[in-house]
Structures are given as C-alpha cells and as structure tokens.
Amino acid sequence: MLRVEIDSGLIRDNYALLCSKTTSRIMAVVKADAYGHGLEEAARCLYSAGARRFGVGSVQEGARLRDCLDQPFIYSLLGPVTPEDYQLLYQREIIPFIHSWEQLKALKEVACRDSRVIPVTLKLETGMNRLGFRPADILHLLEFWEQCQGLKLHMLASHLSLADNVRGRQEVLRQLEIYEKCCQAMQARGHEFERSLANSAAILAHPETHLDCVRPGISLYGDNPFENTPWASKGQGLAQAMQVRAPVLAVHDLKKGGGVSYGLCFTAPRDMRIAIIGCGYADNYFRGLSNRGWMFFQGQRLPVLGRVCMQLSVVDATRVEDIAPGCGVYALGGYGSQAVSAREMAGWLNSISYEVFCSLGNNPRQWTRTG
Ligand SMILES: *Cc1c(COP(=O)(O)O)cnc(C)c1O
C-alpha cells in the first residue's frame, strides 16, 4: 500500500549540481532500475537535463534504454553474462564492461564472425578484489590487444572501495596510482582510450580521480554520501528525489501499560494515541525498523512502535492533532528539517541508502515535477 513519489525536477537539479563539480564527461548510472526510481523515467529525465551517457546494470536494461532515448552512449556495467547477452549488446550498441578473459574471447568471436568492431570498456581490479583484470595482467592484455581485430578499446575503468569514507583518502590515492600505472602502460604502447574511476563520493571529494569520465549514481537521486560526516558540505544542495507515502488506516488510544503488535515488544509508558499505518515488510518497509524507525507527518517525527508486520506498522501519534484515517504519512521523505532521509533510515537498519532506495522503490511509483 506504499506509494513512491519521485520528483523529476530534483533529479535534474542533482545532475546540474554534479555537472558544476567536474569538467569530465558524465556517465549517469541508472543500473538496478535507476536505484529503484524507474529506469526509463529516470533516464528520460536525465537526458532532458543533458546526460548522453548512461551506465546500466545489465545488457537487458541497456536494450530497454536504447528503445526510449535518442542516440545515447549506453554502458553495461556488469557486461555480458548469458550467451544471448553477447548478441544483444552489439545489436543494440551497448558498450560492455568486460572483466574476464572468457568474456573478452567470447566477444571477439562474435565480432569476428559478423565482421564487426565492438567497443569495449575493460574493468581493472585495483583494490576491491571483486571483478576485473589485475595489474599483473596488463602485459598480457597489451599483447591481446595488439593482435586483436574486432574489438576497440573504448575505456579503461576501475572502481573505488573507500571513496565515501572520510578516512579513506589514502586508499583512494593508492587505487588511483595503481590505475594510472596501468593506463600509462597501455598509452605508452600507443593505445587511446578514456579513463574512468570516480563514483558519486569521488566526484564530490576526490577531484584527482575525475579523469575523462565520472560515473555518479546515488548522488543523482539526491543522497549525500557524506551526510552527517565532517565532509557533509561537499554534497550540500543534493536533494532526495524519492518520497514514500503510506496511508493511515486507524487512530486510537492506548492506555498506559498496553502492548503493541506481535510479541508486545512495545509497552505504553503513559496514555498515548497511536496510528495504524498501511505499510509493512511485504512492501519492503523493513521489519528491522521495529521500535527503531520514524515516520513523518506534518512537520513532526512519529516513532514506530513495536514490530513492523507484513502489511501494517504502528506509530506514536500522541503529539499530532490532525491525524486520521485517510491521511498519508511519509515512511520516507517529508519536508523541512524533520524529513526522513534514505541515509538516516539506512542507519536505523544498519544498511545503506542504496538498499533503501532499491527496496522501497519496488512499490508503485508516481513521477511528479515540482521544480
Ligand atoms: C554503481 C556504480 C557506480 C555508481 O556509484 P555511486 O556510489 O552510486 O555513485 C559507478 N561505477 C560502477 C562501476 C558502478 O557499478
């Protein structure tokens, strides 16, 4: 019963703010259904703000984007996974991020068979120990590339592990150094390509990582990676585009000593008034918010009382006058100083804003425009 409201004006403003922070090209990251905001809507909105490069999560997402935008660059950040992906990516002109020899060889076969030249982004492993070619592979990569037809090296990319940590700068610079050495080795042998390293946090805090192309994701949707840290001002002006509303189903009194919801994990310390809200863990309003979360109603914070159920939650409505069945409360968002940010909710859950957006974004969405 949750309703997700997304303000396209704020996404455009966030994009403009990021443009003002860098002179590099910008690849707007819209993977995972634009972090739960809706792939097509978010991409159209960013396109109208000037974005011409998009990073998607899969070749399938890339194909969807190809159908709705006029001539963008589309990068599949996860590259091809299934055999069908290899066909699809060159049919739909999606530039894959490639992390393994198997992918590279399979792609070369497709290119040679159809006498095509397929542009490729190579993903380098510089410290995450996740996906990518290792710096020790660089000579081997050079050899491959020098006798390779059919594949064109478009970009060398890597990903930072600690860019959003105010104590992570040394590691960012260490990764940058490893990355640049690899780039220089390729360049020294005459290869030309773009360099790309920075995610949102690095755009805001580590300008030396901007290189040729930056890849903002979470900041487009308004999350400040440095909220509540000494670097908070670096993300000042970003505005959360997603709000989530839930209906008030009932309001009633709870006598001192009365318990609430399964397990009676909350007991009223005094006479109270409570509101029953139509949202629960089936709507990805996490059960971990039981006795921890807060909702927003008319400028005030209402604490979640007791366990979050499958489709219902309970909040303390003692201090708000006008709350009644038919009203909506904000499970996420709101306005003014008491609004609930994704990052704050993530803190209550021992999670991150990314997961909050991706999860709550699975509910029915409505795009609006205030700005
Ligand atoms: C998700 C992703 C990004 C965007 O990261 P944010 O922290 O959301 O800005 C950039 N690059 C790659 C490769 C990614 O997978």
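Residues numbered from 1 in each chain as written. Predicted model: local features only at pLDDT ≥ 70, side-chain atom pairs only at ≥ 80, totals over all residues. Heavy atoms only, no water.

A. The overall build of the protein chain, seen in detail. Assigned secondary structure in the protein chain consists of 11 helices and 18 strands. Summarising its shape, the C-alpha atoms of the protein chain cover approximately 80 × 40 × 40 Å along the three principal directions. For the protein chain, the proportion of its 371 residues judged to be buried stands at 53%. Pairs at least 24 apart in sequence give 66% of the contacts found in the protein chain among residues at least 6 apart. Summing over all exposed atoms, the protein chain offers an accessible surface of approximately 16300 Å²; the carbon and sulfur share of this is 49%. The averaged location of the 37 negative side-chain charges in the protein chain is 3 Å from the averaged location of its 40 positive side-chain charges. (Helix = DSSP H or I, 4+ residues; strand = E, 2+ residues; numbered from the N terminus. Buried < 20%, exposed > 50% of the residue type's maximum accessible area, 1.4 Å probe, protein only. Contact = heavy atoms within 4.5 Å. Areas by Shrake-Rupley, 256 points an atom, 1.4 Å probe, with all protein chains shown as cover. Lys, Arg positive; Asp, Glu negative; His and termini not counted. Charge placed at Lys NZ, Arg CZ, Asp CG, Glu CD.)

B. Seen up close, a nonpolar patch on the surface. A grouping of Met1, Leu249 and Leu312 is seen on the molecular surface, where their side chains present a nonpolar patch of about 260 Å² in accessible area. Residue position: Leu312 is located in the loop between β15 (300–303) and β16 (313–316). (Patch = residues over 30% accessible without salt bridge, like charges linked within 9 Å, V, L, I, M, F, W, Y side chains within 5 Å. Salt bridge = Lys/Arg side-chain N within 4 Å of Asp/Glu carboxyl O.)

C. Examining the site of the ligand more closely. The environment of the ligand is formed by Val29, Lys31, Tyr35, Leu77, His159, Asn199, Ser200, Arg215, Pro216, Gly217, Ile218 and Tyr354. Interatomic distance of 2.8 Å between a side-chain N/O atom of Arg215 and a nitrogen atom of the ligand. At 2.6 Å, a side-chain N or O of Tyr354 approaches an oxygen atom of the ligand. Across the complex, the protein chains shield 93% of the 390 Å² of accessible surface that the ligand would expose by itself. Taken together, the residues of the shell around the ligand sort by class into 6 nonpolar, 4 polar and 2 charged. (Near = heavy atom within 4 Å. Polar contact = N/O pair within 3.5 Å; in protein donor to acceptor, adjacent residues only side chain to side chain. Nonpolar A, V, L, I, M, F, W, Y, C, P; charged D, E, K, R; others polar.)

D. Region of interest: the nonpolar core. Within the largest apolar cluster, 115 residues are counted, with the highest numbers of intra-cluster contacts made by Phe54, Leu104, Leu122, Leu151, Tyr285 and Met345. When residues of this core are assigned to domains, at least three fall in each of domain 1 (8–224) and domain 2 (242–340). If we ignore the near neighbours within four places in the chain, the residues touching Leu122 are Ile98, Leu104, Phe133, Leu141, Trp145, Leu153, Met155, Leu156 and Ala157. The next biggest cluster of nonpolar side chains, apart from the first, holds 9 residues, and it includes Phe266, Met272, Ile274 and Val314. (Core = buried A, V, L, I, M, F, W, Y, C linked by side-chain atoms within 4.5 Å. Domains from an automatic or database assignment.)

E. Local environment of the pattern of salt bridges. The full count for this structure, using the stated rule, is 16 salt bridges. The salt bridge involving Arg113 is made with Asp114; its shortest N-O contact spans 3.8 Å. Note on Arg113: relative accessible area 54%, which makes it exposed. You can call Asp114 partly exposed: its relative accessible area is 29%. For Asp223, the salt bridge goes to Arg343, with nearest N and O atoms at 2.6 Å. Remark: Arg343 occurs in helix α10 (residues 342–349) and Asp223 occurs in the loop between β9 (213–214) and β10 (242–254); sequence separation between them is 120 residues. Looking at Asp223, the relative accessible area reads 3%, which means it is buried. The class for Arg343 is partly exposed, based on a relative accessible area of 21%. One continuous salt-bridge network, built from bridges that share partners, spans Asp33, Glu40, Arg64 and Arg365.

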